[in-house]
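# Chain and residue survey
The primary structure of each chain is shown beneath.
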Protein chains: 2
Amino acid sequence: MKKINVAIVGLGGRGKGNLSCILHSIENIVVTAVCDVFEDRCDEGEKIVVEAGGAAPYKNCDYTKVISRSDVDVVMVFTSWETHIKIAIDAMKAGKAVGMEVGGAASVDECWDLVHTWEETKVPFMMLENCCFGRNELMVRNMVRSGLFGEIVHCHGAYAHDLREEVSTGKERRHYRLNHYLNENCDNYPTHDLGPIAKILDINRGNRMVRLVSMASKAAGLKRYIKDREEIFVNKELIGKDFAQGDIVNTLITCENGETISLTLDTTLPRSYSREFTVRGTRGMYEENTNSVYLDGEPENFITVEHYQKVINNAKDYEDKYLPESWKKMTQKIKELGHDGMDYFEFCAFFDAIANDKPMPVDVYDAASWMCISALTKESIAKGNIPMEIPDFTCGAWKTRKRFDV
Amino acid sequence: MKKINVAIVGLGGRGKGNLSCILHSIENIVVTAVCDVFEDRCDEGEKIVVEAGGAAPYKNCDYTKVISRSDVDVVMVFTSWETHIKIAIDAMKAGKAVGMEVGGAASVDECWDLVHTWEETKVPFMMLENCCFGRNELMVRNMVRSGLFGEIVHCHGAYAHDLREEVSTGKERRHYRLNHYLNENCDNYPTHDLGPIAKILDINRGNRMVRLVSMASKAAGLKRYIKDREEIFVNKELIGKDFAQGDIVNTLITCENGETISLTLDTTLPRSYSREFTVRGTRGMYEENTNSVYLDGEPENFITVEHYQKVINNAKDYEDKYLPESWKKMTQKIKELGHDGMDYFEFCAFFDAIANDKPMPVDVYDAASWMCISALTKESIAKGNIPMEIPDFTCGAWKTRKRFDV
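Quick summary incoming for the structure in this document.

Criteria and cut-off values
- Residues numbered from 1 in each chain as written.
- Chains lettered and ligands numbered in written order.
- Predicted model: local features only at pLDDT ≥ 70, side-chain atom pairs only at ≥ 80, totals over all residues.
- Heavy atoms only, no water.
- Helix = DSSP H or I, 4+ residues; strand = E, 2+ residues; numbered from the N terminus.
- Rg over C-alpha atoms; globule rule 2.2 N^0.38 Å.
- Contact = heavy atoms within 4.5 Å.
- Disulfide = S-S within 2.5 Å.
- Expected span 1.5 Å × (residues − 1).
- Buried < 20%, exposed > 50% of the residue type's maximum accessible area, 1.4 Å probe, protein only.
- Arc of directions from axis to C-beta.
- Pairing = 2+ DSSP bridges.
- Axes fitted to C-alpha atoms, helices over the stretch in contact; angles between N-to-C directions.
- Buried area = accessible area lost by both parts, 1.4 Å probe.
- Salt bridge = Lys/Arg side-chain N within 4 Å of Asp/Glu carboxyl O.
- Polar contact = N/O pair within 3.5 Å; in protein donor to acceptor, adjacent residues only side chain to side chain.
- Nonpolar A, V, L, I, M, F, W, Y, C, P; charged D, E, K, R; others polar.

## Quick look at the overall build of chain A
Along its length, chain A carries 17 helices and 14 strands. Its C-alpha atoms give chain A a radius of gyration of 21 Å, near enough to 22 Å, the size a compact globule of 406 residues would have. Based on the C-alpha atoms only, the size of chain A along its principal axes is roughly 65 × 55 × 45 Å. A fraction of 75% describes how many contacts in chain A between residues 6 or more apart in sequence connect residues 24 or more apart.

Encoded structure:
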């Protein structure tokens, strides 16, 4: 097998984790360059490569120097949200394959730029939406494809993750989330929940998202969190500061084929993590919050303790039939590579497509249509929850493009 | 104690159940008149009264005859949704106290008519929203009032109840729901979920609902349900018929004080019953689907089997401190009076207010603002999910009206 030369652009927490995952699990990979706007992060990236047995990679804080190198075949973009698309576009224009981390888009225009650049260059491009490779997501996808739930009518998902510590200590961490939360109000991180749902609903492949409305609650969570810890809080200038980002952002999306999607961003109030992945059909449903399957004809239960005890986690009874083989073979080693194993599957798919010239399972149309939700929710919220048309980035090709599952 | 003379208008399934509940649990009540558009139901109502030891009541299919009688002090309106407001208005104009069952309003205008009539007559009026007296709802209300969850930011609720059999056999049952589902598309039943949330958020008393947007999924559930049973289905003309009512209707509401509310109508797909009652604050949350409480500072859990097993039903640990005494004293007899006991509490509150000249815990402003959601969601959906202003039925008085809990 020919070696694939990889440049890593962006070496914050996620970038370093991804770099390790790739180095320790994907064969025929050589990391030839590392890049971050912070020099110490470049050094850390180099160290990770060398400790994994690689030669010291080229280092530069300027990504334009990295993407133009002849010893780079693939550019992995692990930077801050607001720079993903620009770097991906420049890398595509330099003829490099691109794997781009998730995040929202700042504008619809930059999503169009991404699409147009790919259509001009046709280099391999994938958005690295790891949740599309998640355990529950893939098992439920298989249930949907088998017809277990009948015709799908509605899906719900959330990015429900208490990020108050991460956001409020952003200055010390040099983390870009802080500025977003101070200054913007939107669903800033829609793809973890929307991605797997969009795949199930064949968005851009026989279906498309037509319109959304979005609503944000007040922003009270971070201010309270900081106030409650003011004695020990390092970044004193944040004490008493108002944040722009509403604590709960709910977005409703309607699709060409009549399905609806509801998304929730829920990151600044106390809670446990969930993606709240829920699929509703005419013959059954799956709900992640209780990991339960309910099929038409089963006895109706009421909300009692006995009900919870009966249905909680009953989805495990379906694993034998519907859980993908790759997840059945999950090992402790793969789990530790990141997010219980789904990062590994994602990188396998990406590098397999590059090595074998296959289409990407999450392509530029997926990326554009999922990422633009951030820009559209921002405008809907700012203008009093008005409906926003969602662009058809395929320019009509969704009508004939065929289903392509992960 | 002076006896209270009660007329029952509407003796379908719910009316008969309520009649029995009242007769077997409330003292100093005499049912002096029964009324339904169907004569056989009047006869059944009479039978229930007589079997409970009462004298045979006056019977008439014309409610205008009933509400004008001098031996009627209170008119209980248990009819079809679309007639609630008209009958309530006429009864108020006849000088009678009114207890009105729940349902949505067909127009905002009729909600104004209801409010104006009450303001002219000032007779006792209560909307009989039994879920405001629910076990979980009242316990969580107490948690909120104690400050356990900090500042409240968002609430969610649903009327999630598989009504496919009831709706599709509506013709045989003479049930009004069928026509609504054939011809309309809205959140047709918003008060079970919205009512307890509105009480928590002090709607019309220091706060108000400002604006909503609503979105409906396709209507596929009922058609599929009937098709799957066509061999045994009695009402053959419904086979293959399209319904107007979307299977899932999601509505987002923003409040004057910055809180948001999300509501879901979910009645024509297979599922178990839930009101999905969820309260989110800066220091904690309650979620009915898992009957769980999560407070700031507790370890964050991820979506694993262990997580479910740990948190499911942990709200029971809070009952000693927060469950109202009335619910702690719940007996099997009271439970059997209807909906696990909450119907009894509701009627106690209603007749107590009448007997002792107290203000009603769910008043005409509550009724109007909760019921108008149906009309507003219908228009929002019909016009492509546009935002709809929610009227201030208090005409500014919400700013100074004081909290009044159930």
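Here the narrative resumes, following the displayed structure.
## Thoughts on the state of the cysteines
Residues and elements named next belong to chain B. Applying the stated rule across the entire model yields zero disulfides over all chains. Cysteine Cys132 remains unbridged, with the sulfur of Cys131 as its closest cysteine sulfur at 7.4 Å. Among the cysteines around Cys372, which has no disulfide bond, Cys111 carries the closest sulfur, lying 5.3 Å off.

## Here we look at helix 2 (residues 39-51) of chain B
All names here are of chain B. When the terminal C-alpha atoms of helix 2 are compared, their 18 Å separation across 13 residues agrees well with the 18 Å that a helix rising 1.5 Å per residue should span. The set of residues buried in helix 2 consists of Arg41, Cys42, Gly45, Ile48 and Val49. Along the axis of helix 2, the buried residues cluster in a sector spanning 120 degrees; they form a single face. When the buried face of helix 2 is taken as reference, the exposed residues oriented beyond 90 degrees from it are Glu39, Lys47 and Glu51.

## A look at the sheet that holds strand 10 (residues 260-266) of chain B
Residue and element names in this part refer to chain B. Strand order in this open sheet of eight strands is 13-12-11-7-10-9-8-14, and the pairing throughout is mixed. Each edge of the open sheet is held by one strand with a lone partner, namely strand 13 (292-295) and strand 14 (388-389). The sheet contact formed by strand 7 (residues 152-160) and strand 11 (residues 278-281) spans four bridges and is antiparallel. Paired with His156 across the two strands is Thr278, which belongs to strand 11. In the packing of helix 10 (residues 191-200) onto the sheet, contacts are made with strand 7, strand 8 (209-216), strand 9 (248-255), strand 10 and strand 11, and the angle to strand 7 comes to roughly 160 degrees.

## Side note on the interface of chain B and chain A
Listed by partner, the interface residues are 63 residues for chain B and 63 residues for chain A. When the two sides are added together, the surface that chain B and chain A hide from each other amounts to roughly 5500 Å², 57% of it contributed by carbon and sulfur. Here chain B is connected to chain A by 12 salt bridges. A:Asp296 is the salt-bridge partner of B:Arg164, the closest N and O atoms lying 2.6 Å from each other. At the boundary of chain B with chain A, the tally comes to 20 residue pairs in polar contact (both at pLDDT 80 or more). Among the elements of the structure, strand 7, strand 8, helix 11 (221-228), strand 9, strand 10, strand 11, strand 12 (284-287) and helix 12 (305-311) of chain B are those that each provide at least two residues to the side of chain B that touches chain A. Split into classes, the residues belonging to the side of chain B that touches chain A amount to 21 nonpolar, 23 polar and 19 charged.

## Focus: the pattern of salt bridges
All chains considered together, the criterion is met by 78 salt bridges over all chains. Note that A:Lys383 is salt-bridged to A:Glu379, the shortest N-O span being 2.7 Å. Its salt-bridge partner being B:Asp266, residue B:Arg271 comes within 2.7 Å of it at the nearest N-O pair. Residue B:Arg271 is classed as buried on the basis of its relative accessible area, which comes to 5%. Given the relative accessible area of 2%, B:Asp266 is considered buried. The network of salt bridges with common partners includes A:Arg145, A:Asp202, A:Arg403 and A:Asp405.

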